[in-house]
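Architecture and fold: a report
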Amino acid sequence: MINSLQIKNGLVNNRENIHLKLKKTFHSQHPKTHTKSVCAFANNNGGIMVFGVEDKPRKPIGLGGDLKTFKGYDTKSFATVIQNCLSVNIDFEFYDFEQHIEGSKIVFGAIEIKEAYQKPVICKVSDGLVVPIPTLPFS
């Protein structure tokens, strides 16, 4: 679980790696867009997707969009869509965390994906397309 990002000069100092994926937006209406990242984390040692960080530069903008927080979001429907795209069931957890950055409170969303008990996890469908087995968290 991550409850804060490293901020330096108004930008997120954390770098993406095999355990962290930074995303600008959570696509609540299109959960399949996150399937490949979820699958890749499950195939490795797990990982966290943090939503609310713009790319190039890594500016903290918060969850925003049609969702200001994961509280009240129907995580069960997301889980159903994701599980239907994967070859095995995996565990993940939604949560929010907030940070005060340059005098503003910014709320980020995060999904912690647990390592799969049964591997490999095969991503059968991602955004309507059949995809190969990912091994690293790519977009």
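Higher on the page you've got the structure.
Residues numbered from 1 in each chain as written. Predicted model: local features only at pLDDT ≥ 70, side-chain atom pairs only at ≥ 80, totals over all residues. Heavy atoms only, no water.

1. Things to note about the pattern of salt bridges
For the structure on display, the rule yields 5 salt bridges. Notably, a salt bridge pairs Asp96 with Lys71, separated by 3.9 Å at the nearest N-O pair. With Asp96 in strand S5 (residues 92-101) and Lys71 in the loop between strand S4 (47-51) and helix H2 (75-85), this pair connects stretches of sequence that are 25 residues apart. Glu98 is paired through a salt bridge with Lys105; the nearest N and O atoms lie 3.8 Å apart. Among the residues examined, Glu98 registers a relative accessible area of 44% and is labelled partly exposed. (Salt bridge = Lys/Arg side-chain N within 4 Å of Asp/Glu carboxyl O. Helix = DSSP H or I, 4+ residues; strand = E, 2+ residues; numbered from the N terminus. Buried < 20%, exposed > 50% of the residue type's maximum accessible area, 1.4 Å probe, protein only.)

2. Here's the deal with the layout of surface pockets
Computed from the structure, the largest pocket encloses a volume of approximately 180 Å³. Of the residues assigned to the lining of the largest pocket, the class counts are 2 nonpolar, 1 polar and 9 charged. (1 Å grid on protein atoms, 1.4 Å probe; cavity = no way out; pocket = protein on both sides within 12 Å on 5 of 7 lines; lining within 4 Å. Points joined across faces, edges and corners; volume = space filled by probe spheres on them. Nonpolar A, V, L, I, M, F, W, Y, C, P; charged D, E, K, R; others polar.)

3. Topic: the nonpolar core
In this structure, Phe26, Phe70, Ile90, Ile111 and Ile113 are the most contacted members of the largest nonpolar core, which totals 23 residues. A total of 4 residues in this core trace back to one element, the largest contributor, which is helix H1 (residues 35-43). Not counting the four nearest positions on each side in its chain, Phe70 is found in contact with Phe26, Phe51, Leu63, Phe94, Tyr95, Asp96, Gly109, Ala110 and Ile111. In this structure, Val12, Ile48, Val53 and Ile106 belong to the second largest nonpolar core, which totals 14 residues. (Core = buried A, V, L, I, M, F, W, Y, C linked by side-chain atoms within 4.5 Å. Contact = heavy atoms within 4.5 Å.)

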